[in-house]
Amino acid sequence: MGMVNRPYFRVWATVLALLLYFWLAVGSLVGDSPTMDEQNHIARGLAFLRTGDPRLSLEHPPLINSLSALPLLTMPELRLPTDHPSWERREGWYEFADLFLWQYNHDVGRVVFLARLPILLLAIALALAGYRFAGMLWGRVAALPALVLLLFEPNLLAHGRYATTDMGGTLFTFLATFCLWRLWQVPDRWNWRLWAAAALCMGLAFGSKLSALGFGAIWFVLALLPLYDEGHGRRSREIILRISQLAVAGVTALVVVWVTFGLEWGSFKFITASLSPLNQWAGPMPTFWAGLEQIALLSGGRATAFLFGRFSENGWALYFPAAFVVKTPVVLIALLGLSVVLLFKCSATRSRALFLVLTAAGFYLLAMQSALNIGYRHVLPALPYLLLLIAGLASPELSPMLGRRLSPRRLLAGGTLVVVLTALWIYPHYLSYFSPAVGGPSNGYRILTDSNVDWGQDLLRLKTWMTANAVESVKLGWFGTADPQYYGLAHEPLPGLGRDRFFRLWWEPPFDPADPEPGIYAISASSLWEPPLRVEEKKVYAWFRGRKPDARVGYSILIYYVR
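Predicted model only: the values in this text are computed from it and were never measured. (Residues numbered from 1 in each chain as written. Predicted model: local features only at pLDDT ≥ 70, side-chain atom pairs only at ≥ 80, totals over all residues. Heavy atoms only, no water.)

A.B. asks: Please explain the overall build of the protein chain as it appears in this structure.
C.D. replies: Of regular secondary structure, the protein chain possesses 21 helices and 9 strands. Taking the principal axes of the C-alpha coordinates as reference, the protein chain spans close to 80 × 65 × 45 Å. Each of the 563 residues in the protein chain was classed as buried or not, and the buried ones make up 58%. Partitioning the contacts of the protein chain with sequence separation of at least 6, the portion at a separation of at least 24 is 70%. Accessible surface, the protein chain: about 22,100 Å² in total, of which carbon and sulfur atoms supply 63%. Averaging the coordinates of the 48 positive side-chain charges in the protein chain and doing the same for the 37 negative ones gives two points 13 Å apart. (Helix = DSSP H or I, 4+ residues; strand = E, 2+ residues; numbered from the N terminus. Buried < 20%, exposed > 50% of the residue type's maximum accessible area, 1.4 Å probe, protein only. Contact = heavy atoms within 4.5 Å. Areas by Shrake-Rupley, 256 points an atom, 1.4 Å probe, with all protein chains shown as cover. Lys, Arg positive; Asp, Glu negative; His and termini not counted. Charge placed at Lys NZ, Arg CZ, Asp CG, Glu CD.)

Below, the structure written as structure tokens:
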């Protein structure tokens, strides 16, 4: 990897990587139909930009949604359903968003495309931040591998193309952690410039996704540990300084969050018996505090969890670690294990490696407390730290290890190339990526559901498939909020989720589940497992689950020919 040390090589390689990423991301996102949650995020973002009212931002702060909706200001003809009762209801955003995207306006493709572009830029910003962080941790030679891994890791690539808050939360928590690490590398004094950057990024993180608040506990633990350059003062004094910096930054971050809520002031909006007495008072950003209460209620679980063919109403503690294993390329898992061994073995790199490991592990531990097990994307903020740990294989301190032919840098270079090839291979179906070790994406629907494999992204491809195969109509068990009728997709509705005309059929299916009538059935992978029904009731699609699909559209819609 000697060429990597040459500045011109790093510059050109970085430019080429960014261009390739942009081509893959844009080329794939234009073929993805609106996913399950996107219409909610897009509608609340534009509503906040137009009205300055964050009432729809109950479960998700408005920052990322507003950034996503910025390009929509170039479409002044877009109408918001603020004249509809859903605008006034506490949890009316689902209906409000559906009305906005599918009824009040008639340019879904353009709206969704424009709303996805800012998220793509946030994903690029994450890679560039990782380039800088890796360079400071391990030396310049580690910067380029970190950037490439952050660009082409399939799960980051998947969610860096959708108008949701996942990528924004990942970026700003990463930036905040980076800034805190830099701040704590300055011993014995308070560097106000670095502190201000950390406080700002913390505020942007909290204003991006409420789960980012969990990083507060992680940062506190990191502040207690002797992982940084030592000054001339006593260790206890250094710890007190770091905790003070973090505490003051946290208070300042809440002011930043208040700004992202448009300096909202009003009566509080709590619904639980213990907090509702506070509703007689007014205060700053009441929607934010109500959102925290809402998330606390939801963390107990509101959806049946699915893992390896099993169901649970309470989720599994090991759901997210299992999702990491099955949805991460094998080469990255192997390199991660190697990097942990080598970086911890070398005393010169141990503290830096521990900083990254504790950050990622801490977030996983927090996520594992939740029973809401519906998507690997919920632990996406932990992934950049693991990729930076892998980039640490380029650290000069590790050069003597493993010999010349199998040097850590050579292994890192080979693994990075495999990740890029993986991104090219799975294109454009990034959301449905699964490791070949567990059967690959074609077997993914038997391991995980929902946003892990099927988030309603393949509806446009279903229509293309029908045209290519001269299929006039399908019996559609749809999972998604995208409207098949809007796209002129001829179908007979079967039980599904996301739109009412599919959802209400679960209890009166329009076919005999034990002996389906002849026809072409297109069943979403998530619908196949009947998410609204209890385990003992899951008999609607049992006939289909026992058979191998005759064809697939992407990896999220299964085609069955019943004769």
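A.B. asks: Help me understand the pairing of strand E5 (residues 474–477) in this model?
C.D. replies: Within a regular beta strand, the side chains point alternately toward one face of the sheet and then the other, so they alternate between its two faces. Along E5, one buried face is formed by Val-474 and Leu-476 and the opposite face, lined by Lys-475 and Gly-477, is buried too. Bridging between E5 and strand E6 (residues 491–493) involves 3 bridges; their strand directions are parallel. The residue bridging Val-474 from the neighbouring strand is His-491, located in E6. Direction of pairing for E5 relative to strand E7 (residues 519–524): parallel, over a ladder of 3 bridges. When the bridges of E7 are listed, Gly-477 appears paired with Ile-523. (Pairing = 2+ DSSP bridges.)

A.B. asks: How should the nonpolar core be read in this particular structure?
C.D. replies: Generally speaking, a soluble globular protein has its nonpolar side chains buried in company with each other. Residues Tyr-21, Phe-152, Met-202, Trp-219 and Leu-388 are the most contacted members of the largest nonpolar core, which totals 126 residues. Sequence-distant contacts of Phe-152, that is, excluding residues within four places in its chain, are made with Ala-17, Leu-20, Tyr-21, Leu-24, Val-419, Val-420 and Ala-423. (Core = buried A, V, L, I, M, F, W, Y, C linked by side-chain atoms within 4.5 Å.)

A.B. asks: Sorry, what's going on with the pattern of salt bridges here?
C.D. replies: Side-chain pairs of opposite charge can arise whenever the charged atoms involved come near each other. For the coordinates displayed, the defined rule picks out 19 salt bridges. Here Asp-37 makes a salt bridge to Arg-377, at a shortest N to O gap of 3.5 Å. Of this pair, Asp-37 sits in the loop between helix H1 (7–29) and helix H2 (38–51) while Arg-377 sits in the loop between helix H15 (350–367) and helix H16 (383–391), and the two are 340 residues apart along the sequence. Residue Asp-37 is classed as partly exposed on the basis of its relative accessible area of 21%. On the accessibility criterion, Arg-377 (8% relative accessible area) is buried. Between Arg-116 and Glu-38 there is a salt bridge, with its nearest N and O atoms 2.7 Å apart. Of this pair, Arg-116 sits in helix H5 (residues 108–138) while Glu-38 sits in helix H2; the two residues are 78 residues apart in sequence, bridging distant segments of the chain. Judged by its relative accessible area of 0%, Glu-38 is buried. (Salt bridge = Lys/Arg side-chain N within 4 Å of Asp/Glu carboxyl O.)

A.B. asks: Can you help me understand the packing of helix H8 (residues 166–184) against helix H11 (residues 235–260) in this one?
C.D. replies: Think of two packed helices as two axes; the pair is described by the angle between the axes and how far apart they sit. Where H8 contacts H11, the two axes come as close as 11 Å, and the packing angle between them is 145°. Here H8 and H11 pass one another in a crossing that is right-handed. Each of Leu-180, Leu-183 and Trp-184 in H8 lies in contact with H11, whose residues at this interface are Arg-242, Gln-245 and Leu-246. Here the residues of the contact of H8 with H11 are counted per class, giving 4 nonpolar, 1 polar and 1 charged. (Axes fitted to C-alpha atoms, helices over the stretch in contact; angles between N-to-C directions. Left-handed = near helix turned anticlockwise from the far one by under 90°. Nonpolar A, V, L, I, M, F, W, Y, C, P; charged D, E, K, R; others polar.)

A.B. asks: Looking at this structure, how should I read unusual backbone geometry?
C.D. replies: Glycine aside, a negative phi is what most residues show, and trans is what most peptide bonds show. Look at the link from Tyr-427 to Pro-428: it is a cis peptide, with omega at 0°. By the element assignment, Pro-428 lies in the loop between helix H17 (408–426) and helix H18 (459–468). Positive phi is not limited to glycine here, since Ala-470 has a value of about 55°. Relative to the assigned elements, Ala-470 resides in the loop between H18 and E5. With a relative accessible area of 66%, Ala-470 lands in the exposed category. Even without being a glycine, Glu-530 presents a positive backbone phi close to 55°. With respect to the helices and strands, the residue Glu-530 is situated in the loop between helix H20 (525–528) and helix H21 (542–545).

A.B. asks: What exactly am I supposed to notice about the packing of aromatic side chains here?
C.D. replies: For any pair of aromatic rings, geometry is given as the distance between the ring centres together with the angle between the planes. Inspection of every chain in the model, using the stated rule, returns 41 aromatic pairs. Seen in terms of ring centroids, Phe-511 and Phe-544 are 6.3 Å apart; in terms of plane orientation they differ by 75°. Their pairing is edge-to-face. With Phe-511 in the loop between helix H19 (500–503) and E7 and Phe-544 in helix H21, this pair connects stretches of sequence that are 33 residues apart. When sorted by exposure, Phe-511 lands in the same class as Phe-544, which is buried. When the centroid spacing of 6.1 Å and the interplanar angle of 70° are considered together, the rings of Tyr-541 and Phe-544 count as edge-to-face. Summarising the burial analysis for this pair, Tyr-541 and Phe-544 share the class buried. One aromatic cluster is present, formed by Phe-133, Phe-174, Phe-178, Trp-181, Phe-206, Phe-215, Trp-219, Phe-363 and Tyr-385 through successive ring pairs. Positioned above the aromatic ring of Trp-543, the side-chain terminus of Arg-547 is 3.7 Å from the ring centre. (Phe/Tyr/Trp six-rings, centres within 6.5 Å; stacked < 30°, edge-to-face > 60°. Lys NZ or Arg CZ within 6 Å of the ring centre and 35° of its normal.)

A.B. asks: What exactly am I supposed to notice about the side chain of Thr-481 here?
C.D. replies: With respect to the helices, strands and loops of the structure, Thr-481 is situated in the loop between E5 and E6. Given the relative accessible area of 7%, Thr-481 is considered buried. Among the polar contacts listed, one links the side chain of Thr-481 to the backbone oxygen of Thr-35, at a separation of 3.5 Å. Filtering out sequence-adjacent residues up to four positions away, Thr-481 remains in contact with Thr-35, Met-36, Gln-39, Asp-98, Trp-102, Gly-498 and Arg-499. (Polar contact = N/O pair within 3.5 Å; in protein donor to acceptor, adjacent residues only side chain to side chain.)

A.B. asks: Explanation requested: a nonpolar patch on the surface in the structure shown.
C.D. replies: A cluster of nonpolar side chains, namely Tyr-8, Val-11, Trp-12, Val-15, Leu-16 and Leu-19, defines an oily patch on the protein surface of about 650 Å² accessible area. Within the element layout of this structure, Val-11 appears in helix H1. (Patch = residues over 30% accessible without salt bridge, like charges linked within 9 Å, V, L, I, M, F, W, Y side chains within 5 Å.)

A.B. asks: What is the right way to read helix H9 (residues 192–206) from this model?
C.D. replies: Three or four residues apart is the spacing at which side chains of an α-helix point the same way, because the helix has 3.6 residues per turn. With 15 residues, H9 ought to run about 21 Å at 1.5 Å a step, and its terminal C-alpha atoms sit 21 Å apart, in line with that. Residues of H9 that are buried: Leu-194, Trp-195, Ala-198, Ala-199, Cys-201, Met-202, Gly-203, Leu-204, Ala-205 and Phe-206. The inward-facing, buried residues of H9 abut helix H3 (62–69), H8, helix H10 (215–224), H11 and helix H12 (286–298). (Expected span 1.5 Å × (residues − 1).)

A.B. asks: What is the right way to read the packing of H5 against H15 from this model?
C.D. replies: Across the interface, H5 lies against H15 with an axial gap of 10 Å and an inter-helix angle of 145°. Between H5 and H15, the contacting residues are Phe-133, Leu-137 and Trp-138 on the first element and Arg-352, Ala-353, Phe-355 and Leu-356 on the second.

A.B. asks: In this structure, what is going on with the sheet that holds E7? I would like to understand it.
C.D. replies: Think of a sheet as strands paired side by side through backbone hydrogen bonds, with each pair either parallel or antiparallel. Pairing is mixed across the open sheet formed by 5 strands, whose spatial order is E6-E5-E7-E9-E8. Among the strands making up the open sheet, the edge pair consists of E6 and strand E8 (551–553). The mean inter-strand angle of the sheet, taken between neighbouring strand axes irrespective of direction, is 30°. Of the strand pairs in this sheet, E8 and strand E9 (residues 557–562) are connected by 3 bridges, and their pairing is antiparallel. Bridge pairing in E9 places Val-553 opposite Ile-557.

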